Amino acid sequence: MRTLMRGLRDIAMLGGLVLLTMPSAPAAAQTAAATRDDIVAKLDHVDHAADIDVPALRQQVLERSRSRSKNEPPPQKRPPIAPELTGLPAFNADIQFDVDTPIVLPGSYQTVGRIADALVHASLQPYNFLIVGHIESTGRRESNAILSQRRADAIRDILVNTFKISAKRLQSVGLGEEQLLDPAHPNAPVNNQIQIVTLSKVAEQAEPPPAHPAPVAAAKKPAKKR
């Protein structure tokens, strides 16, 4: 009897070890995927256009990420580098990349495809968008800024080249760890998300003036006979 009980106990312990060593389900599988309509609802209803100089913001991110000041605050206490973005409609996408690269893993192409479907929805057709790359506060700060820019560029390229979204409607910027999505937890995976931000309305092209008809030559009156 003791032998039987000892055997059952060993089996239970072995089962517990197996459960502990099993990989947990990926975060994408644990949360319900956003639908196209969910994304549209997040990005619609723009009250005012944001006047953001994207190339200048890229340069500002790089310069701040190179800071070596002794008085530099820790990541969780740094002021956001682009606070104006926080007041704009945004959708946060949990897109998986290969480690330390801008390569999007195959399982995330479905998410990018749903974003593309949303961007061509009638409600969002009149708008331009900014793709914002973020990254958690691990590793070198400047490297993180560069990697976040490359990842934002990669999403833009996929939307343009694979899903045929107009390149004129999309800009990209990487904020690195200079504007964490969860400042209280700078190393949290949520800080690796990509944001799609509604930036402004598409500029309406002026209609060409109507063509004026060519003047009709006046008909000559027949000469009077004398």
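Residues numbered from 1 in each chain as written. Predicted model: local features only at pLDDT ≥ 70, side-chain atom pairs only at ≥ 80, totals over all residues. Heavy atoms only, no water.

Caption draft 1: Structural detail: the pattern of salt bridges. Taken as a whole and assessed by the stated rule, the structure comprises eight salt bridges. A salt bridge links Glu-178 to Arg-64; its shortest N-O distance comes to 2.9 Å. In this pair, Glu-178 is assigned in the loop between strand 3 (170-176) and strand 4 (194-201) and Arg-64 in helix 4 (residues 54-65), connecting sequence segments 114 residues apart. The class for Glu-178 is buried, based on a relative accessible area of 2%. Across the pair Glu-72 and Arg-141 runs a salt bridge whose closest N-O atoms are separated by 2.9 Å. (Salt bridge = Lys/Arg side-chain N within 4 Å of Asp/Glu carboxyl O. Helix = DSSP H or I, 4+ residues; strand = E, 2+ residues; numbered from the N terminus. Buried < 20%, exposed > 50% of the residue type's maximum accessible area, 1.4 Å probe, protein only.)

Caption draft 2: A look at helix 4. Look at helix 4: 17 Å from first C-alpha to last across twelve residues, which is about the 16 Å you get at 1.5 Å a residue. Three or more residues of helix 4 are buried, namely Val-54, Leu-57, Val-61, Arg-64 and Ser-65. End-on, the buried residues of helix 4 take up no more than an arc of 100°, which puts them together on one face. In this structure, the buried residues of helix 4 make contact with strand 2 (127-134), helix 6 (141-162) and strand 3. (Expected span 1.5 Å × (residues − 1). Arc of directions from axis to C-beta. Contact = heavy atoms within 4.5 Å.)

Caption draft 3: Structural view of the confidence of the model for the protein chain. Taken residue by residue, the protein chain gives an average pLDDT of 83. The fraction at 70 or more is 75%. Contacts from residues 1-9, a stretch scored under 50 in pLDDT, to residues over four places away or in other chains number zero contacts. Across residues 11-31, where pLDDT falls below 50, the model places three contacts with residues more than four positions away in sequence or in other chains. (pLDDT = per-residue confidence, 0-100.)

Caption draft 4: A look at unusual backbone geometry. Notably, Asp-100 is not glycine yet its phi reads approximately 60°, a positive angle. Taking relative accessible area as the criterion, Asp-100 reaches 61% and is therefore assigned exposed. Its identity as a non-glycine residue notwithstanding, Lys-164 has a phi of 60°, on the positive side. Within the fold, Lys-164 resides in the loop between helix 6 and strand 3. Lys-164 sits in the exposed class, given a relative accessible area of 66%.

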